[in-house]
Amino acid sequence: EEQKHGDNQTQEKKKKKKKKNKKKKTADGKEVEEDDDDEADEESKQETSNQKLSYSRFQDNSRFRLLGSWAEGPTKQTNPPTIPIDKQFPKKDYPVGEISEYFNENRKRISAEELRERDKLLEHQIQCLRKAAECHRQVRKYAQSYIQPGMKLIDICDRLEEMNRRLVEANGLDAGIAFPTGCSINHVAAHYTPNTGDNTVLNYDDVCKIDFGTQVDGRIVDCAFTVAFNPKYDKLLEAVKDSTNTGLKAAGIDVRLCDIGEAIQEVMESYEIELNGKTHQVKCVRNLNGHSIGPYQIHAGKTVPIVKGGPATRMEEGELYAIETFGSTGKGYVFEDGECSHYMKDFYVDSKPLRHPKAKGLLKFIDQNYGTLAFCRKWLDQAGETHHILALKQLVDAGIVNTCPPLYDVTGSYVAQYEHTFLLKPSSKEILTRGDDY
């Protein structure tokens with residue numbers, strides 16, 4: 001019995017030691033290895049220190065250009081984040097976005113009571129979108145706490161995506177990441193995320209667009225901001241932020257898409273920026289647009305231009321949109337270039353015959369994990385689908401999967417982006433993703 005008691009004590013000590021070691025993790029969840037080396041010890045202490053939790057909502061974003069700090073106030077989240085969104089809001093009373101009233105005179109003829117009844121028909125969609133939007137806010141606040149010059153872009157994206165999954169409690173197609181995190185730099189405007197082995201580093205003089213999304217039951221929020229550290233880019237960022245806010249203000253039920261584009265262009269091109277002794281007019285990237293969003297469909301058919309001359313199609317009640325504007329010091333026109341990382345199954349293709357077993361297997365994996373949501377090669381690698389290049393090409397060649405290559409303006413130019421998602425409710429316009437930062 002004494003021997004048994006002694007063995008139990010030994011086992012308990014081992015368990016306690018094991019638990020203690022497990023707590024030594026970095027901010028991205030990786031365990032820190034024990035090492036006698038002083039430098040390793042110092043890194044371990046720093047990482048442990050970074051994990052000290054608080055319930056303060058305040059976060060100083062002053063190292064970023066034109067990105068607001070997060071104000072102190074009530075919060076249900078720790079800092080850094082550890083609590084999933086549904087644990088913070090068990091009654092599903094998620095924060096309401098920024099509410100804007102419509103200016104359309106025809107809307108005033110409908111009673112407030114009738115409009116509220118119409119809102120109730122969208123209750124499930126609104127609830128899903130507000131949850132996704134609150135997740136997006138908390139994830140980007142977390143990302144803004146660690147993004148700094150010298151970091152690898154792949155590390156920035158991995159940490160952001162892991163937090164996105166954790167807070168939304170990712171569960172297949174029911175909830176998770178809506179599309180790969182964009183971190184396009186300088187003249188690359190969009191659709192770039194690092195493939196496995198890409199060790200590109202964020203530098204002080206870079207202009208980096210962080211574009212990511214969250215989905216709940218297929219309801220997608222799409223939201224982006226620009227990271228810059230050097231004040232010489234302020235006018236570029238100011239032009240694009242002002243243009244996005246102009247588009248958001250102009251949008252509404254029965255508003256023509258072409259009118260929104262014209263308003264955006266007028267604001268964007270009123271700005272100039274001086275770089276290296278040369279003055280540039282900030283140009284709209286005319287072949288990039290905002291877009292309507294549908295369930296599991298990031299681009300649902302309607303485009304919101306950012307220049308005049310677009311379609312006279314009108315926005316309608318109940319529609320979900322992302323207004324995004326891109327301002328450039330270059331040509332203001334992008335083209336596909338570089339190594340592709342983004343892919344997406346064609347929304348309108350049901351099935352096609354495939355002869356190759358590996359292509360069939362990869363398609364089954366895509367259907368189960370992403371459906372018609374965008375994905376990237378890095379995610380396939382992380383999921384164990386490491387030898388996917390040939391099978392993926394076969395799916396592309398068959399027209400089942402579409403490529404979404406990086407979009408470039410001319411080399412040497414700089415492109416900035418800001419984006420928000422809003423819902424045209426019967427009673428009001430709700431900018432779902434608005435936050436203290438932008």
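Residues numbered from 1 in each chain as written. Predicted model: local features only at pLDDT ≥ 70, side-chain atom pairs only at ≥ 80, totals over all residues. Heavy atoms only, no water.

Draft legend 1. Representation of the environment of V410. Looking at where V410 falls in the secondary structure, it is placed in the loop between β16 (407-408) and β17 (415-424). Through-space distance from the C-alpha of V410 to that of H187 is 6.3 Å; in sequence the pair is 223 residues apart. Every residue in contact with V410, bar those within four places of it in the chain, is listed here: H187, G330 and K331. (Helix = DSSP H or I, 4+ residues; strand = E, 2+ residues; numbered from the N terminus. Contact = heavy atoms within 4.5 Å.)

Draft legend 2. Local environment of unusual backbone geometry. With an omega dihedral of 0°, the bond running from N79 to P80 counts as a cis peptide bond. Mapped onto the elements, P80 comes out in the loop between α2 (38-50) and α3 (85-88). The backbone of D254 shows a phi angle near 75°, a positive value even though the residue is not glycine. On the secondary structure map, D254 appears in the loop between α7 (234-250) and α8 (257-268). Residue classification places D254 among the partly exposed positions, given a relative accessible area of 34%. (Buried < 20%, exposed > 50% of the residue type's maximum accessible area, 1.4 Å probe, protein only.)

Draft legend 3. The arrangement of the packing of helix α5 (residues 123-146) against helix α6 (residues 153-168) in detail. Following both chains from N to C, one finds α5 and α6 inclined at 145°, their axes separated by 9 Å at the closest point. Read as a crossing pair, α5 and α6 show a hand that is right-handed. Touching K131, C135, Q138, V139, Y142, A143 and Y146 of α5 are I156, R159, L160, M163, N164, L167 and V168, all from α6. Residue classes in the contact of α5 with α6 are distributed as 10 nonpolar, two polar and two charged. (Axes fitted to C-alpha atoms, helices over the stretch in contact; angles between N-to-C directions. Left-handed = near helix turned anticlockwise from the far one by under 90°. Nonpolar A, V, L, I, M, F, W, Y, C, P; charged D, E, K, R; others polar.)

Draft legend 4. Fine view of α6. Between the first and last C-alpha of α6 there are 23 Å, a value that for 16 residues agrees with the 22 Å anticipated at 1.5 Å per step. Along its buried surface, α6 packs onto α3, α5, β2 (175-185), β4 (207-216) and α10 (377-382). Positioned one or two residues after α6, E169 has a phi angle of 55°, which is positive. (Expected span 1.5 Å × (residues − 1).)

Draft legend 5. Structural detail: the pairing of β2. Of all 11 residues that make up β2, 11 are buried, and the element is covered over most of its length. Taken together, the eight bridges between β2 and β4 define a ladder with antiparallel strand orientation. Counted as the bridge partner of G176 is Q215 from β4. (Pairing = 2+ DSSP bridges.)

Draft legend 6. Here's a closer look at the packing of aromatic side chains. Applying the stated criterion across every chain yields a total of 14 aromatic pairs. Both rings, one in F225 and one in Y438, keep their centres 5.6 Å apart while their planes meet at 40°; by these two values the pair is tilted. With F225 in strand β5 (residues 219-228) and Y438 in the segment after β18 (429-431), the pair connects residues that are 213 residues apart, well separated along the chain. For Y438, a relative accessible area of 7% gives the class buried. Against the face of Y146 rests R159, its NZ or CZ located 4.0 Å from the ring centre. Here the basic side chain of R165 rests over the ring of W379, its NZ or CZ set 5.8 Å away from the ring centre. (Phe/Tyr/Trp six-rings, centres within 6.5 Å; stacked < 30°, edge-to-face > 60°. Lys NZ or Arg CZ within 6 Å of the ring centre and 35° of its normal.)

Draft legend 7. The arrangement of the sheet that holds strand β14 (residues 375-376) in detail. With respect to topology, three strands assemble into an open sheet ordered β14-β13-β15, the strand pairing being antiparallel. Sheet topology places β14 and β15 (401-404) at the edges, where each strand pairs with a single neighbour. When strand β13 (residues 342-345) meets β15, the two strands line up antiparallel, connected through four bridges. Counted as the bridge partner of H342 is C404 from β15. Strands β13, β14 and β15 of the sheet are contacted by helix α11 (residues 389-397), whose axis makes an angle of about 105° with β15.

Draft legend 8. A look at α8. For α8, built from 12 residues, the straight-helix expectation of 16 Å at 1.5 Å per residue is met to within 8% by its first-to-last C-alpha distance of 17 Å. Where α8 is concerned, the buried positions are L257, C258, I260, G261, I264, Q265, V267 and M268.

Draft legend 9. Up close: the confidence of the model for the protein chain. Overall, the predicted model of the protein chain reaches an average pLDDT of 90, with 88% of residues at or above 70. When the criterion is pLDDT under 50, residues 1-49 qualifies, and its contacts beyond four places in sequence or with other chains add up to 25 contacts. (pLDDT = per-residue confidence, 0-100.)

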